[in-house]
Amino acid sequence: MSRSFIDTIKKRRTQYALGKNLPLSQQDATALIQEAVRHTPSSFNSQSSRVVILFGAQSDKFWGFVKDALRKIVPADAFPATEAKINSFAAGAGTVLFYEDQDVVAGLQKQFAAYADNFPIWSEQSGGMAQFAVWNALAEANIGASLQHYNPLPDAAAAAEWNIPASWKLRAQMPFGSHEGGFGEKSFIDDEQRFRVFA
């Protein structure tokens, strides 16, 4: 059995030490992200995931929105540590914003009323798979990334800045860039706690 896919999954790690030196052009990185999302499965082939890809100053601007929102709610004495963390995301080459289109979800709820309660859940699952697919695609291309969840703090500012449709709901943010640091050892809980196999 080929191990290439499992090896790619193993290669994917959270990278907080990001730099701006991508091993791919912006055009190729964009194509890679688009291809990963395009081929992500979704319930009823709804394709509810939406993505905004920000490079350079546009990515910096997004993290500026996050920083401005946090400054209003984080105590002043704790803000320097918060600011340093946000700056580490802005240090990357770009950011992927992951959205789920609520109009698609509502349309499916109307069309298939018997499953109405499930479509928001399935949308979240599709979104999670899109995030995982992009993260692994970036890892395979030797691009570092991490997954963040600062929504809904920057949602309104981002929507106004990049003309995001009102139906798009921000679910996650993925800063990405060159690897500027290593990784710690990854630990795993015992298999007995996670798996049950019957034959």
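Right above here is the structure, for reference.
To start, this report covers the structure provided alongside it. In every chain, residue numbers begin from 1 and rise along the written sequence. Only residues with pLDDT of at least 70 are given local features in this predicted model, and only at 80 or more are side-chain atom pairs given and counted; all residues enter the totals for whole chains, interfaces and linings. For side-chain calculations, the full set of non-hydrogen atoms in the structure is used, while hydrogens and water are omitted.

The next point concerns the layout of surface pockets. One number sums up the size of the largest pocket: a volume of about 230 Å³. In terms of lining residues, the largest pocket is bounded by 15 residues, among which Q34, V37, R38, S49 and R50 are the most central. Counted by class, the lining of the largest pocket contains six nonpolar, seven polar and two charged residues. The pocket and cavity definitions rest on a 1 Å grid over protein atoms only: a 1.4 Å probe that fits but cannot leave marks a cavity, an open set with protein on both sides within 12 Å along at least five of seven lines marks a pocket, and residues lining either have an atom within 4 Å of a point. Grid points are joined across faces, edges and corners, and a volume is the space filled by probe spheres set on the points. Polarity classes work like this: nonpolar for Ala, Val, Leu, Ile, Met, Phe, Trp, Tyr, Cys and Pro, charged for Asp, Glu, Lys and Arg, and polar for all others, with Gly in that last group.

For Phe, Tyr and Trp, rings pair up if their centres lie within 6.5 Å, where Trp contributes its six-membered ring, and each pair is then called stacked (planes under 30 degrees apart), edge-to-face (over 60) or tilted (otherwise). Counted by the stated rule, this structure contains 15 aromatic pairs. Taken together, Y16, F62, W63, F89 and Y150 form an aromatic cluster joined through their ring pairs. In this structure, R12 packs its charged tip against the face of W135, placed 4.2 Å from the ring centre. By definition here, charges over rings are those cases where NZ of Lys or CZ of Arg is within 6 Å of the ring centre and within 35 degrees of the ring normal.

With that settled, consider the packing of helix α3 (residues 56–71) against helix α7 (residues 155–162). Orientation is described by lines fitted to C-alpha atoms, with helices fitted over the stretch in contact, and by angles between N-to-C directions that extend from 0 to 180 degrees. Put simply, DSSP marks the helices as runs of H or I at least four residues long and the strands as runs of E at least two long, and each gets a number from the N terminus on. At a closest axis distance of 9 Å, the pairing of α3 and α7 adopts a crossing angle of 150°. Between α3 and α7, the angle is such that the two are roughly antiparallel. Crossing geometry of α3 relative to α7 is assigned as right-handed. Where α3 abuts α7, its residues Q58, K61, F62 and F65 lie against A157, A158, E161 and W162. When grouped by side-chain class, the residues that make up the contact of α3 with α7 number five nonpolar, one polar and two charged. What sets the label is the angle itself: under 35 degrees gives roughly parallel, over 145 gives roughly antiparallel, 65 to 115 gives roughly perpendicular, and the rest give oblique. Less than a right angle of anticlockwise turn of the near helix away from the far helix marks a crossing as left-handed, whereas a clockwise turn marks it as right-handed. Throughout, a contact is declared for two residues whenever any of their heavy atoms are within 4.5 Å.

Each residue is placed in one exposure class: buried if its accessible area under a 1.4 Å probe, protein chains only, is under 20% of its type's maximum, exposed if it is over 50%, and partly exposed if it falls in between. Among the eight residues in strand β3 (residues 94–101), eight count as buried, and that is most of the element. Taking every second residue as pointing to the same face, both faces of β3 are buried, with G94, V96, F98 and E100 on one and T95, L97, Y99 and D101 on the other. For two strands to count as paired, DSSP must find a minimum of two bridges between them. In the sheet, strand β2 (residues 49–55) pairs with β3 via seven bridges, with the strands oriented antiparallel. Paired with L54 across the two strands is T95, which belongs to β3. Sheet topology note: the β3/strand β5 (residues 168–179) ladder contains eight bridges and is antiparallel. What sits directly across from V96, in β5, is M174.

Take the environment of A29 next. With respect to the helices and strands, the residue A29 is situated in helix α2 (residues 26–38). By relative accessible area, A29 is classed as buried at 0%. Note: C-alpha distance between A29 and I73 (44 residues apart in sequence) is 34 Å.

This part takes up the pattern of salt bridges. Just to be clear on terms, a salt bridge is a Lys or Arg side-chain nitrogen sitting within 4 Å of an Asp or Glu carboxyl oxygen. All chains considered together, the criterion is met by seven salt bridges. Of the charged contacts, one joins K61 and E161 as a salt bridge, the two residues approaching to 3.0 Å between their closest N and O atoms. Remark: E161 occurs in helix α7 and K61 occurs in helix α3; sequence separation between them is 100 residues. Using a relative accessible area of 35% as the deciding quantity, one classes E161 as partly exposed. Across the pair R171 and E124 runs a salt bridge, and its minimum N-O distance is 3.0 Å. Of this pair, R171 sits in strand β5 while E124 sits in helix α6 (residues 119–140), and the two are 47 residues apart along the sequence. Looking at R171, the relative accessible area reads 23%, which means it is partly exposed. Among the residues examined, E124 registers a relative accessible area of 35% and is labelled partly exposed.

Moving on, we get to unusual backbone geometry. The peptide bond linking N151 to P152 adopts the cis configuration, its omega dihedral lying at 10°. On the secondary structure map, P152 appears in the loop between β4 (144–145) and α7. Within the chain, N142 stands out as a residue other than glycine whose phi angle is a positive 65°. With respect to the helices and strands, N142 occurs in the loop between α6 and β4. The phi angle at N163 is positive, at roughly 55°, despite the residue not being glycine.

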